[in-house]
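# Observations on the three-dimensional arrangement
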Amino acid sequence: MGGGGGGLQAAPKVKRGSFATVRKKKKRVGFVLDMTPLVDIAFLLLTFFMLSTTLTTPQTMEMSVPPETENVEVKQSELLTVLVRDDGQIFKYMGDKKSNPPEKIALKDLRALSVNENLRMENKLIVSLRISNKVPYGLVINLLDQLNIAETDITQRLSAKGMKRERKFALTPLTDEDIEDLKAL
Amino acid sequence: MSKIKKKRVGFVLDMTPLVDIAFLLLTFFMFTAKFKSDTENEQKFQIKRPMASADTSKVPDKDLAMIKIGIDTVTNDTAYYYSLSNEQDRKVVYNSDKVQLSDEARQKVILKVTDLKVLEALLKQTRMANLRMKFAIDADKRVQYKWIEDLTNVMRLSNATVFNFVTDRPS
């Protein structure tokens, strides 16, 4: 017989009442597939993958430190020292400590300070960070982040003047003398 | 009148666009899904990373030596945790006789290190085993800066002068 499994093809006409051919009369034109189980499984998997993925991937902040053997000589007038006390208070002084006593500075002002001083000194400025080892690490990263944000600004402005940015940066331990100096402030 | 008479018994909804979108999202999440590595499975502490917005580069997944500084959730003590992403390097470094470790520790994926001398030896051996190795420091934001300072000093001694601090993007 012709149109047995013939998909969308219409069934051949047969006389009514003939019992054997009743099944072939079934229409196959508006063919509908029940998709419900498919959708069920699809959504099950979808929710699983949605919940198991973490969209916030960690980032990195690159640092480079000089090797142990290297000792760099710096001019004191080109040095911007940023000190962080045990309680997380930040202080800064430019150049010599005697003529420019340390001043308190808020974390959010650090960025503007770095931009201004770097533009004034035009690439010669060295930022020396002296951080107390009792400070939480999160604060140190916030501080470094502020300096990094300032960096894009500095690079832009210096390149407008036709200069290439060279960053100089030092992480030095807080000395006992520094601790004494900061106690009174 | 004729409107009311319309049959609503064999009601069929066309689900094709729904299925299209569902599968589109499904494939997206399937491809972006990243599963926990061996290292993370063995970890018994959770790190609350500090936030930083300036640098947006991603943590590399190959040739990575990860130094975690975590606070144990049960005992509340801080320690260094050392792990290497490459299994081959891990075997070489952990089994090196220059590194003083117990036989039990050598089998582990993630090493708990409390002695800075051991950490220095590990770092030196890692650099010898694979020169392309990158170092990353993943520390909890609550730990004291002393831990980071000690670590960076050890890293300088072992000539690993370039390293990354792992941070989170502020949401």
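## A look at the overall build of chain B
When helices and strands are tallied, chain B shows seven helices and five strands. When the helices and strands of chain B are listed from N to C terminus, the series reads α-α-α-β-β-α-α-β-α-β-α-β. At 25 Å, chain B has a C-alpha radius of gyration far larger than the 16 Å of a compact globule built from 171 residues. Over its C-alpha atoms, taken along the principal directions, chain B stretches across nearly 90 × 35 × 30 Å. Intrachain contacts of chain B at a sequence separation of at least 6 include 68% that bridge at least 24 residues. Summed over its atoms, the accessible surface of chain B is roughly 10800 Å², and 54% of this surface lies on carbon and sulfur atoms. Between the averaged position of the 29 positive side-chain charges in chain B and that of its 22 negative side-chain charges there is a distance of 9 Å.

## Some details on the packing of helix H2 (residues 110-121) of chain A against helix H3 (residues 137-160) of chain A
Each pair of packed helices gets described by two things: the angle between the helix axes and the distance between those axes. All names here are of chain A. It is at 8 Å that the axes of H2 and H3 come closest, and there the two elements cross at 35°. Of the two possible hands of crossing, H2 and H3 adopt the one that is right-handed. Across the interface between the two elements, Leu110, Arg111, Ser114, Val115, Asn118 and Leu119 of H2 pack against Leu143, Gln146, Leu147, Ile149, Ala150, Asp153, Ile154, Arg157 and Leu158 of H3. Of the residues belonging to the contact of H2 with H3, the class tally is nine nonpolar, three polar and three charged.

## Digging into a nonpolar patch on the surface
Taken together, the side chains of A:Ile41, A:Leu44 and A:Leu45 present a nonpolar region at the surface, about 280 Å² in accessible area. Note on placement: A:Leu44 falls in helix H1 (residues 36-52).

## Overview of the sheet that holds strand E4 (residues 103-105) of chain A
Residues and elements named next belong to chain A. With mixed pairing, five strands are arranged side by side in an open sheet as E4-E3-E2-E5-E6. Each having just a single partner strand, E4 and strand E6 (169-173) make up the two edges of the open sheet. With strand direction ignored, the average angle separating the axes of adjacent strands in the sheet is 30°. As paired elements, strand E5 (residues 126-131) and E6 share five bridges and run parallel to each other. When the bridges of E6 are listed, Leu129 appears paired with Leu171.

## Description of the nonpolar core
Grouped together as the largest cluster of nonpolar side chains are 57 residues, with contacts concentrated most on B:Tyr82, B:Leu122, B:Phe135, B:Met155 and B:Phe165. Examining the composition of this core, we find that seven residues originate from one element, H3(A), more than from any other. If sequence neighbours within four positions are ignored, B:Phe165 has contacts with A:Gln59, A:Thr60, A:Met61, A:Met63, A:Tyr137, A:Ile141, A:Leu144, B:Ile137 and B:Ile148.

## Brief notes about the pattern of salt bridges
Going through the model one piece at a time under the given rule, you end up with nine salt bridges over all chains. A salt bridge links A:Lys92 to A:Glu103, with the nearest nitrogen and oxygen atoms 4.0 Å apart. One end of the pair, A:Lys92, is in strand E3 (residues 90-94); the other, A:Glu103, is in strand E4, with 11 residues separating them in the sequence. Measuring nitrogen to oxygen at the nearest pair gives 3.1 Å for the salt bridge that ties B:Asp138 to B:Arg49. Taken as a pair, B:Asp138 in strand E4 (residues 134-139) and B:Arg49 in the loop between helix H3 (38-42) and strand E1 (64-71) lie far apart in primary sequence, 89 residues in all. Residue classification places B:Arg49 among the partly exposed residues on the basis of a relative accessible area of 22%. A single network of salt bridges, built from pairs that share partners, joins B:Arg49, B:Asp138 and B:Asp168.

The rules behind the values
Residues numbered from 1 in each chain as written. Chains lettered and ligands numbered in written order. Predicted model: local features only at pLDDT ≥ 70, side-chain atom pairs only at ≥ 80, totals over all residues. Heavy atoms only, no water. Helix = DSSP H or I, 4+ residues; strand = E, 2+ residues; numbered from the N terminus. Rg over C-alpha atoms; globule rule 2.2 N^0.38 Å. Contact = heavy atoms within 4.5 Å. Areas by Shrake-Rupley, 256 points an atom, 1.4 Å probe, with all protein chains shown as cover. Lys, Arg positive; Asp, Glu negative; His and termini not counted. Charge placed at Lys NZ, Arg CZ, Asp CG, Glu CD. Axes fitted to C-alpha atoms, helices over the stretch in contact; angles between N-to-C directions. Left-handed = near helix turned anticlockwise from the far one by under 90°. Nonpolar A, V, L, I, M, F, W, Y, C, P; charged D, E, K, R; others polar. Patch = residues over 30% accessible without salt bridge, like charges linked within 9 Å, V, L, I, M, F, W, Y side chains within 5 Å. Salt bridge = Lys/Arg side-chain N within 4 Å of Asp/Glu carboxyl O. Pairing = 2+ DSSP bridges. Core = buried A, V, L, I, M, F, W, Y, C linked by side-chain atoms within 4.5 Å. Buried < 20%, exposed > 50% of the residue type's maximum accessible area, 1.4 Å probe, protein only.

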